[in-house]
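Listed below, chain by chain, are the residues.
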There are 2 protein chains.
Amino acid sequence: MKGFFKVTDLKQVLELVTVFPRCRTEILPLDQVLGRILAEDITAPHNLPEFPRSTMDGFALQASSTFGASEGSPAFLTVKHTVAMGAAPVFFIGPGEACRISTGGMLPAGSDSVVMIEHTEALDDTTIECYRSVAPGQHVLEAGEDFPKNGGLLQKGQPLRSQDIGLLAAFGYQTLRVYARPVVGILSTGDEVVAIDQTPSPGQIRDINSFTLAGQVADGGGIPVPFGIVQDDRDALYEKCRQALDCTDMLLISGGSSVGTRDYTIEILSELPASSILVHGVSIRPGKPTILARAQNKAVWGLPGHVTSAMVVFTVVVRPFLEYIAGREPGATKQLKIPARLDRNVSSAQGRTDFIRVRLLRKSDGIWAEPVLGKSGLINTMVRADGLIEVDRDTEGCDKDTIVEVIPL
Amino acid sequence: MKGFFKVTDLKQVLELVTVFPRCRTEILPLDQVLGRILAEDITAPHNLPEFPRSTMDGFALQASSTFGASEGSPAFLTVKHTVAMGAAPVFFIGPGEACRISTGGMLPAGSDSVVMIEHTEALDDTTIECYRSVAPGQHVLEAGEDFPKNGGLLQKGQPLRSQDIGLLAAFGYQTLRVYARPVVGILSTGDEVVAIDQTPSPGQIRDINSFTLAGQVADGGGIPVPFGIVQDDRDALYEKCRQALDCTDMLLISGGSSVGTRDYTIEILSELPASSILVHGVSIRPGKPTILARAQNKAVWGLPGHVTSAMVVFTVVVRPFLEYIAGREPGATKQLKIPARLDRNVSSAQGRTDFIRVRLLRKSDGIWAEPVLGKSGLINTMVRADGLIEVDRDTEGCDKDTIVEVIPL
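Everything numeric in this text was worked out from a predicted model, so none of it was measured.

Enquirer: Just give me the short version of the overall build of chain A, but keep the residues and values in it.
Expert: On a plain count of helices and strands, chain A comes out with seven helices and 28 strands. If you take every contact in chain A between residues at least 6 apart in sequence, the share linking residues at least 24 apart comes to 72%.

Enquirer: Please provide a residue-by-residue account of the domain arrangement of chain A, values included.
Expert: Residues and elements named next belong to chain A. Domains assigned within chain A are domain 1 (10-24 + 181-332), domain 2 (26-46 + 148-179), domain 3 (53-141) and domain 4 (338-408). Distance between the C-alpha centres of domain 1 and domain 2: 32 Å. Contacts between domain 1 and domain 2 engage nine residues on the former and 10 residues on the latter. Class assignment of the residues belonging to the side of domain 1 that touches domain 2 gives a composition of three nonpolar, two polar and four charged.

Enquirer: Any details on the interface of chain A and chain B? Residues and values, ideally.
Expert: One frequently used descriptor of interface size is the decrease in accessible area upon assembly of the parts. In this complex, chain A contributes 78 residues to the contact, which on the side of chain B involves 77 residues. Counting only elements with at least two residues in the side of chain A that touches chain B, the list comes to helix H2 (162-170), strand E15 (205-206), helix H3 (209-219), helix H6 (307-325), strand E22 (338-342), strand E25 (366-371) and helix H7 (379-384) of chain A. In terms of residues, the side of chain A that touches chain B owes the most to one element, H2 of chain A, which gives eight residues. Taken together, the residues of the side of chain A that touches chain B break down into 37 nonpolar, 23 polar and 18 charged.

Enquirer: How would you summarise the relation of the copies chain A and chain B if you had to cite specific residues and measurements?
Expert: Between the two copies, chain A and chain B, the superposition gives an RMSD of 0.0 Å; the rotation angle is 180° and the shift along the axis is 0.0 Å. Both chain copies can therefore be described as sitting about a two-fold axis. Measuring from the rotation axis to each C-alpha of chain A, the shortest distance belongs to Ile 338 of chain A, at 2.7 Å. The overlap is high: 99% of the interface residues of chain A also sit at the interface in chain B, so the same surface is used on both sides.

Enquirer: Residue-level account of the pairing of strand E9 (residues 127-130) of chain B, with values.
Expert: Residues and elements named next belong to chain B. Only one face of E9 is buried, namely the one carrying Ile 128 and Cys 130, since none of Thr 127 and Glu 129 on the opposite face is buried. Bridge count between strand E5 (residues 75-82) and E9: four bridges; the pairing is antiparallel. Its bridge partner lying in E9, Ala 75 is registered against Cys 130. Linking two consecutive strands that pair antiparallel, namely strand E8 (residues 120-124) and E9, is a turn of two residues.

Enquirer: Which residues make up the sheet that holds strand E17 (residues 250-254) of chain B, and what are the values?
Expert: Residue and element names in this part refer to chain B. A sheet is described by the order of its strands in space; here six strands give the open sequence E16-E13-E17-E21-E20-E18, paired in mixed fashion. The open sheet terminates on both sides in strands that have one partner only, identified here as strand E16 (223-230) and strand E18 (275-280). Each strand axis lies, on average, 20° off the axis of its neighbour in the sheet, ignoring direction. Bridging between E18 and strand E20 (residues 291-295) involves five bridges; their strand directions are antiparallel. Among the inter-strand pairings, Ser 276 is bridged to a residue of E20, identified as Arg 294.

Enquirer: Could you give me a rundown of the sheet that holds strand E18 (residues 275-280) of chain A, with the residues and numbers involved?
Expert: Residues and elements named next belong to chain A. With mixed pairing, the six strands of this open sheet are ordered in space as E16-E13-E17-E21-E20-E18. Two strands bound the open sheet, and with one partner strand each, they are strand E16 (223-230) and E18. With strand direction ignored, the average angle separating the axes of adjacent strands in the sheet is 20°. Sheet topology places strand E20 (residues 291-295) next to strand E21 (residues 298-303); five bridges connect them, and they run antiparallel. Residue pairing in the sheet places Ala 295 in a bridge with Lys 298 of E21. Along the sheet, helix H4 (residues 234-246) makes contact with strand E13 (183-189), E16, strand E17 (250-254), E20 and E21, crossing E16 at roughly 165°.

Enquirer: Go over the confidence of the model for chain A, please, and point to the residues and values.
Expert: The pLDDT averaged across chain A works out to 92; a share of 96% of its residues lies at or above 70. Overall fold confidence for the complex sits at a pTM of 0.95, while the interface term, ipTM, reaches 0.94.

Enquirer: With reference to specific residues and values, describe unusual backbone geometry.
Expert: Along the chain, Leu 48 of chain A connects to Pro 49 of chain A via a cis peptide bond; the corresponding omega equals -10°. Relative to the elements of secondary structure, Pro 49 of chain A occurs in the loop between strand E2 (42-43) and strand E3 (53-54). Phi is positive for His 139 of chain A, close to 60°, though the residue is something other than glycine. The topology assignment puts His 139 of chain A in the loop between strand E9 (127-130) and strand E10 (140-141). In this structure, Gln 296 of chain B is a non-glycine residue whose phi angle is positive, near 50°.

Enquirer: Tell me about the environment of Ile 229 of chain B, and please be specific about residues and values.
Expert: Residue and element names in this part refer to chain B. Among the secondary structure elements, Ile 229 is positioned in strand E16. For the pair Ile 229 and Ser 210, spaced 19 residues apart in sequence, the C-alpha to C-alpha distance is 8.7 Å. Excluding its chain neighbours within four sequence positions, the residues that come into contact with Ile 229 are Ser 188, Val 193, Ala 195 and Asp 207.

Enquirer: Tell me what's going on with the environment of Leu 167 of chain B, and back it up with residues and numbers.
Expert: For Leu 167 of chain B, the position within the fold is in helix H2 (residues 162-170). A count of 27 C-beta atoms within 10 Å places Leu 167 of chain B in the buried class. C-alpha of Leu 167 of chain B to C-alpha of Leu 48 of chain B: the two residues are 119 residues apart in sequence and 9.6 Å apart in space. Among all residues touching Leu 167 of chain B, those that are not within four sequence positions of it are Ile 379 and Val 383 of chain A together with Leu 153 of chain B.

Enquirer: Any chance you could break down H2 of chain A for me, citing the residues and the numbers?
Expert: Among the nine residues of H2 of chain A, nine are classified as buried, and the element is accordingly described as predominantly covered. For H2 of chain A, the complete set of buried residues consists of Ser 162, Gln 163, Asp 164, Ile 165, Gly 166, Leu 167, Leu 168, Ala 169 and Ala 170 of chain A. Residues of H2 of chain A that are buried sit in contact with strand E11 (152-154) and strand E12 (175-179) of chain A together with strand E15 (205-206), helix H3 (209-219), helix H6 (307-325) and helix H7 (379-384) of chain B. Where H2 of chain A ends, the next residue or the one after it, Gly 172 of chain A, has phi of about 80°, a positive value.

Enquirer: Pulling in residues and values, what's your account of the packing of H3 of chain A against H6 of chain A?
Expert: How two helices pack is summed up by the angle between their axes together with the distance between the axes. Residue and element names in this part refer to chain A. In contact at an axis separation of 10 Å, H3 and H6 are set at 30° when each is read in the N-to-C sense. When the axis of H3 is compared with that of H6, the two are roughly parallel. Along this stretch, H3 crosses H6, giving a crossing that reads as right-handed. For the pair formed by H3 and H6, the contact residues are Asn 209, Thr 212, Leu 213, Gln 216 and Val 217 on the first element and Val 307, Ala 310, Met 311, Phe 314 and Leu 322 on the second. Looking at side-chain class alone, the contact of H3 with H6 contains seven nonpolar, three polar and no charged residues.

Enquirer: So what about the pairing of E21 of chain A? Which residues, and what values?
Expert: All names here are of chain A. Within E21, six of the six residues are buried, which leaves it mostly tucked inside the rest of the structure. Neither face of E21 is left uncovered, since the one carrying Lys 298, Val 300 and Gly 302 and the one carrying Ala 299, Trp 301 and Leu 303 both have all their residues buried. Note that E17 and E21 share five bridges and pair parallel. By the bridge assignment, Ser 254 is partnered in E21 with Leu 303. Linking E20 to E21, which pair antiparallel, is a turn of two residues; within it Gln 296 sits at a positive phi near 50°.

Enquirer: Quick rundown of the environment of Val 358 of chain A? Include the residues and the values.
Expert: Residues and elements named next belong to chain A. Along the polypeptide, Val 358 turns up in strand E24 (residues 353-363). Each C-alpha atom of the pair Val 358 and Thr 120 lies 58 Å from the other, and the pair is 238 residues apart in sequence. Not counting the four nearest positions on each side in its chain, Val 358 is found in contact with Ala 369, Glu 370, Pro 371, Val 372, Ala 385, Asp 386, Gly 387, Ile 389 and Val 406.

Enquirer: Tell me what's going on with the packing of H3 of chain A against H2 of chain B, and back it up with residues and numbers.
Expert: Axis separation between H3 of chain A and H2 of chain B bottoms out at 8 Å; the angle between their running directions is 160°. When the axis of H3 of chain A is compared with that of H2 of chain B, the two are roughly antiparallel. The element H3 of chain A and its partner H2 of chain B pack so that their crossing is right-handed. Taken together, the residues of H2 of chain B that come into contact with H3 of chain A (itself represented by Phe 211, Thr 212, Gly 215, Gln 216 and Asp 219 of chain A) are Ser 162, Gln 163, Ile 165, Gly 166 and Ala 169 of chain B. Looking at the contact of H3 of chain A with H2 of chain B, its residues break down into three nonpolar, six polar and one charged.

So, how was this worked out
- Residue indices follow the written sequence of each chain, beginning from 1 at its first position.
- Here every chain gets a letter starting at A, and every ligand a number starting at 1, in the order they are written.
- Local features in a predicted model are, by the rule used here, given only for residues with pLDDT of at least 70; side-chain atom pairs are given and counted only at 80 or more, and totals for whole chains, interfaces and linings are based on all residues.
- By the criteria applied, helices consist of DSSP H or I runs no shorter than four residues and strands consist of E runs no shorter than two, each listed in order from the N terminus.
- We call two residues in contact when the distance between their C-beta atoms, placed using the backbone, is within 7 Å.
- Boundary definitions for the domains trace back to an automatic or database domain assignment.
- In this count, Pro and Cys sit with the nonpolar residues alongside Ala, Val, Leu, Ile, Met, Phe, Trp and Tyr, while Asp, Glu, Lys and Arg are called charged and the others, Gly among them, polar.
- Copies are brought into register by a least-squares superposition over C-alpha atoms of residues with pLDDT of at least 70 in both.
- Our exposure labels follow a C-beta count within 10 Å of each residue's own C-beta, placed from the backbone: buried means 20 or more other C-beta atoms, exposed means 12 or fewer, and partly exposed covers the counts in between.
- Two strands pair if DSSP finds at least two bridges between them.
- In this analysis, axes come from line fits to C-alpha atoms, helices being fitted only over the stretch in contact, and the angle between any two N-to-C directions falls in the range 0 to 180 degrees.
- Along the chain, pLDDT gives the predictor's confidence residue by residue, from 0 to 100.
- Just so you know how the angles are binned, under 35 degrees is roughly parallel, over 145 roughly antiparallel, 65 to 115 roughly perpendicular, and the rest oblique.
- For a crossing to be left-handed, the near helix must be turned anticlockwise from the far one by less than a right angle; the clockwise case is right-handed.

Written out as structure tokens, the structure is:
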């Protein structure tokens, strides 16, 4: 007889992330940290910029020299010097004086603002007319205006984007301490599963989950390591799990569909060294028969065999654990969900959280989410879908025209 | 004197993508194609599944054997055999007969549906009571129901996600023809720019753009190749551009701020072998002084020196070109934009397209976009921003509470 699961609520499962230790950290050159998770807080070692810079091509001057200037009554200024790019000017700009400056040039002592070249006219080599008055600080980045010395720049636990890396470059960071990418073992089980380079006999199917899960692990910041297929053999599965656990940070076992394999999986997970079963069944659909064990302080997952179920469970359950051990601070990351208008009613059972595959459609009045119909065992529903919507356990469904948030797939 | 640009409308610039040839294609093993762009149309070589499969644990039978069955008046069925996982059953199920089957098992001849084990009770080893009637096809995936033989699976020009790779695994594709990742050279110019491992003297700044652009190239599917910094030296810049062009598919030159370098850049771009200037100025802000040349049939970009301007231009102008030469079919990809409610008025000038940096804030009533204030030369505005919104050239701004679409940064 099929056993009944004592399912755990999704929210309670997700609270278990902190049970697991974070991965080690490593020091990498700055050109290799894109997408990595920062493992230290970074503060500004100096002001940025370190000197006042012009944001325009024009003339640096004392703003007061231009007060009241207009097209009809321009201010006349004496042009002294040119600021050379990449050099500190060694002269002083007094009242009624100006010096040529390019975007990014350092303001000379005495000057406090820049007038754009478009608002001036050269009368001769040493005199300009200025048609606009500028305010002190105009067209200037003050020293420390971008980031003041000792100010916080980036925080431990945040993923590094291009602009964050640019910021670190600005301060001369050549290396950075980041979290190592978690190594995630992937194991397929089931007598009916054959490797993709084999021709399945009638009754057999190729191993899809090793590929979908590897892709999801990589997208989630991990390094997928496939451990192949284990047939319905208790000892072989136990040995393979032990081996995999020794060289990975997390293990995903996508369940064979045969009842035998399924029974073994839970037994084996509880018999692994230093193991305990934390979750046996989650109140979500698809994905109820999901198992979470802790063995050697690592998360070991028993995932459904159906490719669609396994992918949904990875997205909504496994991935937060992967991101946690990868060093992400749960609050530091904004999960990218896309608001969209539901284009038909979706029903759901109370007492479990349903995840519905949807396509996103751009129409003239905004973005719509169209549920992808079809049996949950069909991979075509995942291929046609752009994302998932969550229907809460306390509701009976979502009405057409409701705004839903789509988790991208 | 500063020259005036004859700016091109953003839409017209983007129509130039097809001027450039696509990258070469290459054949890769299936475990290396995540995120790559497919270079061939794929059709199903056989039915998927190849045989009718059960989607539940239970009993395969003829649906008509259960018609009228209920808790009060169960159907009695004779249990013959068990379907072994991974094997083709060699027996026939007739009226009043049933055989044990697991999820994923192959339906035996004669059977057309599966009753879930939960809806049955075993009376003895060979007889069950069945409490529900099932319809023909219930709990069964028919042969070809997921994808029929010769049906279209995936299209040339689409990026490969985890589920797409799973689909290819299901059909036994071990290798795949995809587009090569474009190699993008990155060159920084400007007398004031020093490498990040140097301590800038007063008036100098470190080379930020090489890092931000490299990150953006990688995020856009390219392989960034930094060519370092060229000081304000016409011949050196020409030589470096020639070198870079010979071994890349696209070249990004982020503009030195000095007027001299800027003047050289446009001259050099027109003097490169087989070169023509396609765009000199784009009607966007920030980013107006952007240059696009075609040299040796490759796109060569002159980008603004300001890090924020260069990043915005990359996102809205360069990236579509990168994606095009990388093989993406412009229609095949849904650009991920996040609808959000604007939390304050944003003004803009008519006649140019403004890109405003915004932060995304999740509030109880949905997602809000908050403009990030601060001078455009400040990198902190990019670090604080989650995305960009576009204010169309024909409007004077966006009102508070309008729904805007945020391009993620």
